[in-house]
Amino acid sequence: MRRLVAETTLEPRQLVLPMFVADGVAEPRPISSMPGVAQHSLDSLRKTAVEAVTAGVGGIMLFGVPRPEDKDAVGSAASDPHGILNRGLRALAEEVGDSTVVMADTCLDEFTDHGHCGVLAADGAVDNDATLQRYVEMALAQAEAGADLLGTSGMMDGQVGAIRRGLDAAGRIDTGILAYSAKYASAFYGPFREAVGSSLEGDRRTYQQDPANRREAIRELELDLAEGADIVMVKPAMSYLDILREVADRSTVPVAAYQISGEYAMITAAAERGWIDRRGAVLESLLGIRRAGADIVLTYWATEAAHWLS
Ligand code: PBG
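All values derive from a computational prediction rather than experimental measurement.

Here we take up the side chain of Glu110. Checked against the element boundaries, Glu110 lands in the loop between strand S5 (101-105) and helix H4 (128-145). In contact with Glu110, other than residues within four places in its own chain, are Phe63, Gly64, Pro66, Lys71, Asp105, Phe192 and Val196.

So, in C-alpha cells, the structure goes:
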C-alpha cells in the first residue's frame, strides 16, 4: 500500500556521481575527510566509472586535481587539452560516453594558484569579465575532450551566456550547460577543499550567494534561464531545501541539487560512530532532496545508492 501511494521516487538514473581525477598518481589517493571517496588515477577513474554506470547512475561529474606545480594565476591547465581534467574527460567519454552523461566542472579554482574560481584583478578581487574569457576557453577544451554537459560552478555573472555563445560559435551546439544557478558560500564545502587540493585562502563571498538570501536565488535562476541554461542547480542541498523547492516551482528546465562534501562527511562520520543508521540516513537524505524538487541529485553515494535501489 505504501508503495502504491508513495509520492516521491528515487531511482538510479536520477543520481549523478561526482569524481576526482588527479595528475601524476598511480593509485587512487583516499580523501581523509570523505571516507570512501578518492582522487583517482586515470585507470581507477575508468574502472570506477564503469561500476557506476553498471549500477545505473544517470551521469558522472568530473573534477580535475592538477599537480601543485601546474597551477598558475589564470589556471592554464584547465584549458590545456593535456591538462588532467581534459585527459580524464577523454577517458570517461571513451569508456562510458555511450551509456551515461559525462559532465565536466567548468571552473578554475582547482587550477589557480590562489584557489579562486576566476582570475584576479590588480586589487586581488576576482575579475568577473576577464574570467568569462577563460571559462569559454575551458568550455571549448572540455567539449573537445568529450564532455556532454558543462557544470558552471564558478558563479561569475554572465558565465552561462558567454559559454553558450562560445560553444555555438565553435559549432558545439550539442554540448549542454548545467548551470549552478544558486550556489551559496557554504561552510559545508570544507572537505571538498582537501578533495581537490585547493590553494584557497579566504572565502568566495564576493561571488557565491549569501546564505541569508532567498529572492536572490530566483534572480540568478531567471538570468541563467535567459542565458541558455539546459539544467539548473541548487547547491548545497540540505541547508537549502526551501530554495530548491522554489527553484523547482519556477524553473522551465530540469532542476538538479548537489549533496556536497560536508553533507557526505557528516552522515559518514555519525554512521562510523554508530550514532545513525548509514543506509537509512543516506536514502532519507536523497529522498528529501528529491521531494524538495530536484529531478537530479549529485551525490558521492550515487553508485552505492543505485545498488540499494535496484
Ligand atoms: C568550485 C566547486 C566547489 C564545489 C564544487 N565546485 C567548492 C567551492 O565552491 O568552494 C564543492 C563540492 C562539494 O563540496 O562537494 N568549483
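On we go from here.
Time to look at the pairing of strand S9 (residues 255-258). In summary, the side chains of a regular strand alternate between the two faces of the sheet. Here S9 shows no split at all, with Val255 and Ala257 on one side and Ala256 and Tyr258 on the other all buried. What joins strand S8 (residues 231-235) to S9 is helix H8 (residues 241-250), and the crossover it makes is right-handed. Direction of pairing for S9 relative to strand S10 (residues 296-298): parallel, over a ladder of three bridges. Residue pairing across strands places Ala256 opposite Ile296, the latter belonging to S10.

Residues separated by three or four positions in an α-helix point in the same direction, a consequence of the helix having 3.6 residues per turn. Of all 11 residues in helix H5 (residues 159-169), eight are buried; the element is thus mostly enclosed. By the burial criterion, the buried members of H5 are Gln159, Val160, Gly161, Ala162, Ile163, Arg164, Gly166 and Leu167. Buried residues belonging to H5 abut H4, strand S6 (149-152), strand S7 (176-183) and helix H7 (215-227). Taken from the residues just after H5, Gly171 is the one with a positive phi, measuring 80°.

Any pair of aromatic rings gets described here by the distance separating the centres and the angle formed by the planes. Using the criterion set out here, one finds nine aromatic pairs in the structure. Judged by centre distance (6.1 Å) and plane angle (15°), the ring pair of Phe20 and Tyr300 falls under stacked. Here the residue Phe20 occupies a position in strand S1 (residues 15-22), and Tyr300 occupies one in the loop between S10 and helix H11 (302-309), the gap between them amounting to 280 residues. Neither residue differs from the other here; Phe20 and Tyr300 are each classed as buried. The rings of Phe20, Phe63, Tyr180, Phe192, Tyr258, Tyr264, Tyr300 and Trp301 are connected pair by pair, giving a single aromatic cluster. Directly above the aromatic system of Tyr189 lies the positively charged group of Lys183, at a separation of 5.5 Å from the ring centroid.

What follows covers the site of the ligand. Residues in contact with the ligand amount to 17 residues; listed here are only the nearest, Lys183, Arg204, Lys235, Ser261 and Tyr300. Within the side chain of Asp105, an N or O atom sits 3.5 Å from a nitrogen atom of the ligand. Contacts to the ligand include Arg193, whose side-chain N or O atom sits 2.9 Å from an oxygen atom. Taking 400 Å² as the accessible area of the ligand by itself, protein coverage stands at 100%.

Quick look at unusual backbone geometry now. Cis geometry is adopted by the peptide bond preceding Pro236, which originates at Lys235 and carries an omega value of -10°. Of note in this structure, Met155 is not a glycine but carries a positive phi near 60°.

Here the idea is plain: a probe the size of a water molecule rolls over the atoms and shows the empty space left. The calculated volume of the largest pocket comes to roughly 300 Å³. Around the largest pocket, the lining comprises 17 residues; the ones closest to its centre are Leu17, Gly36, Val37, Thr48 and Tyr300. Mapped by element, the contributors of at least two residues to the lining of the largest pocket are S1, strand S3 (38-40), helix H2 (42-55) and H11. Residues of the lining of the largest pocket, tallied by class, amount to 10 nonpolar, four polar and three charged. Reported here for the second largest pocket is a volume of approximately 160 Å³. As for the second largest pocket, its lining consists of Val126, Asn128, Met155, Met156, Asp157, Arg205, Thr206, Tyr207, Gln208, Gln209, Glu216 and Glu220. Residues that form the lining of the second largest pocket fall into these classes: four nonpolar, four polar and four charged.

This next bit is on the pattern of salt bridges. Side chains that carry opposite charge are capable of pairing whenever their charged atoms lie near each other. A complete count under the given rule lists 16 salt bridges for this structure. When the shortest N-O distance is used, the salt bridge between Arg13 and Glu11 registers 2.9 Å. Overall, the relative accessible area of 58% leaves Arg13 in the exposed class. Put simply, Asp249 and Arg245 hold a salt bridge, and the shortest N to O gap is 2.8 Å. Placement of the pair is Asp249 and Arg245 together in helix H8, with a separation of four residues, close to one helical turn. A relative accessible area of 35% means that Arg245 is categorised as partly exposed. Members of the salt-bridge network, linked through shared partners, are Arg46, Glu94 and Glu95.

Basis of the calculations
Residues numbered from 1 in each chain as written. Predicted model: local features only at pLDDT ≥ 70, side-chain atom pairs only at ≥ 80, totals over all residues. Heavy atoms only, no water. Helix = DSSP H or I, 4+ residues; strand = E, 2+ residues; numbered from the N terminus. Contact = heavy atoms within 4.5 Å. Buried < 20%, exposed > 50% of the residue type's maximum accessible area, 1.4 Å probe, protein only. Right-handed = clockwise from strand over helix to strand, strands pointing away. Pairing = 2+ DSSP bridges. Phe/Tyr/Trp six-rings, centres within 6.5 Å; stacked < 30°, edge-to-face > 60°. Lys NZ or Arg CZ within 6 Å of the ring centre and 35° of its normal. Near = heavy atom within 4 Å. Polar contact = N/O pair within 3.5 Å; in protein donor to acceptor, adjacent residues only side chain to side chain. Areas by Shrake-Rupley, 256 points an atom, 1.4 Å probe, with all protein chains shown as cover. 1 Å grid on protein atoms, 1.4 Å probe; cavity = no way out; pocket = protein on both sides within 12 Å on 5 of 7 lines; lining within 4 Å. Points joined across faces, edges and corners; volume = space filled by probe spheres on them. Nonpolar A, V, L, I, M, F, W, Y, C, P; charged D, E, K, R; others polar. Salt bridge = Lys/Arg side-chain N within 4 Å of Asp/Glu carboxyl O.

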